[in-house]
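Here is how the chains run, residue by residue.
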Amino acid sequence: MESTLTEAFDAIISKLESWLTTIIEYLPNFALAIFVLITAYFVAKYVNNITYKLVSKRVQQESVAQIISRISAVVLVIVGLYISLGILNLSKTLTSLLATAGVAGLAIGLALQNTLSNTVAGIVLSFRKKIQIGNWVETNGFSGEVIDINLKEFVLKEADNNIVIMPNKMILENPLKNYSLTTKMRVAIECGVGYESDLEQVKALTKETIANAFDQVESPEDVEFYFTEFGDSSINYLCRFWIDAESMLEKLRAKTTAIIEIKKAYDKAEINIPFPIRTLQFDNKLAFENPESLKEFSNN
């Protein structure tokens, strides 16, 4: 019995000595691995700051700049971890962990497919120079000012101050009209004048009124004017001109100004803008042969 305990004790001592020998042998490698991890951490932190500054100069969305800088930092930390485990001869363990993480990531990716697609679309939209915060755009049946592009959604503020929130994927997959990419917009005015009007006078007066009302219109010759049809109660026309504008609000303000000035000019020149007129004609005359019947009809 005593000999058995002695052998067991000697085995434990031998095992501990072997472990101590292994620790002493791997101590330089362990120290080097710790040094690599610490270095990777500080390098990742530095790269995170540099990447954030570079990306934020090209992307106005802070959330997008942050996630891109963090991804770059995480990649560097993973590289440092892989090198450290390789120094400790544990690269096979890391390979197994990465394989397990890959399977788990695939399952999570399938479950969060829509969320991830919106995130990727948000990053893509953030780098598009033709879509910027502050632009006036029209897409998916909505029109307004872009006030935010983040990793989940695209936010518009309409002219009536309502907020429209759309998934980034919808913006990326559908046509988008950006009014802010050009510095000029064309304003169209449709109106009609009475049949008794002097059409040459109407044309000249309208073009002159528009030219005087807007500094962007240098002369009446820059105003387009076309009579379009003989309407039910008026001769209708289309008047078009260009203004310096980047949003629909500016266009609406210009159209309002043009209508007010045209109405003033027509009133001064006594040019009629007729109401819609309907003429009712009765071919059969109504008459009462008996005066008593007329009195009875009046009383009723």
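Residues numbered from 1 in each chain as written. Predicted model: local features only at pLDDT ≥ 70, side-chain atom pairs only at ≥ 80, totals over all residues. Heavy atoms only, no water.

(A) Main features of the sheet that holds strand β6 (residues 184-193). Strand order in the open sheet made by the 3 strands is β6-β8-β7, with antiparallel pairing throughout. Only two strands of the sheet have a single neighbouring strand rather than two, namely β6 and β7 (224-230). Adjacent strand axes in the sheet meet at a mean angle of 20° when their direction is disregarded. Of the strand pairs in this sheet, β7 and strand β8 (residues 235-244) are connected by 6 bridges, and their pairing is antiparallel. Its bridge partner being in β8, Tyr 226 is matched across the sheet by Leu 238. (Pairing = 2+ DSSP bridges. Helix = DSSP H or I, 4+ residues; strand = E, 2+ residues; numbered from the N terminus. Axes fitted to C-alpha atoms, helices over the stretch in contact; angles between N-to-C directions.)

(B) Spatial organisation of the packing of aromatic side chains. Enumeration over the complete set of coordinates arrives at 6 aromatic pairs. Measuring from ring centre to ring centre gives 5.3 Å for Tyr 41 and Phe 42, while their planes differ by 75°; the resulting arrangement is edge-to-face. Judged by relative accessible area, Phe 42 falls into the exposed class, the value being 51%. Taking the centre distance of 6.3 Å and the plane angle of 85° together, the rings of Phe 227 and Tyr 237 count as edge-to-face. Here Phe 227 is found in strand β7, whereas its partner Tyr 237 is found in strand β8, with 10 residues between them in sequence. For Phe 227, a relative accessible area of 32% gives the class partly exposed. Taking the relative accessible area as the measure of exposure, Tyr 237 reaches 1% and is therefore buried. One aromatic cluster is present, formed by Phe 225, Phe 227 and Tyr 237 through successive ring pairs. (Phe/Tyr/Trp six-rings, centres within 6.5 Å; stacked < 30°, edge-to-face > 60°. Buried < 20%, exposed > 50% of the residue type's maximum accessible area, 1.4 Å probe, protein only.)

(C) Up close: the nonpolar core. Ranked by internal contacts, the top residues of the largest apolar core, which has 24 residues, are Ile 210, Phe 214, Tyr 237 and Phe 241. For this core, the secondary structure elements donating two or more residues are β6, α6 (199-213), β8 and α7 (248-268). In terms of residue count, β6 provides more of this core than any other element does, 5 residues in total. In terms of nonpolar packing, the next biggest core, distinct from the first, is built from 10 residues, Ile 131, Val 146, Phe 154 and Val 164 among them. (Core = buried A, V, L, I, M, F, W, Y, C linked by side-chain atoms within 4.5 Å.)

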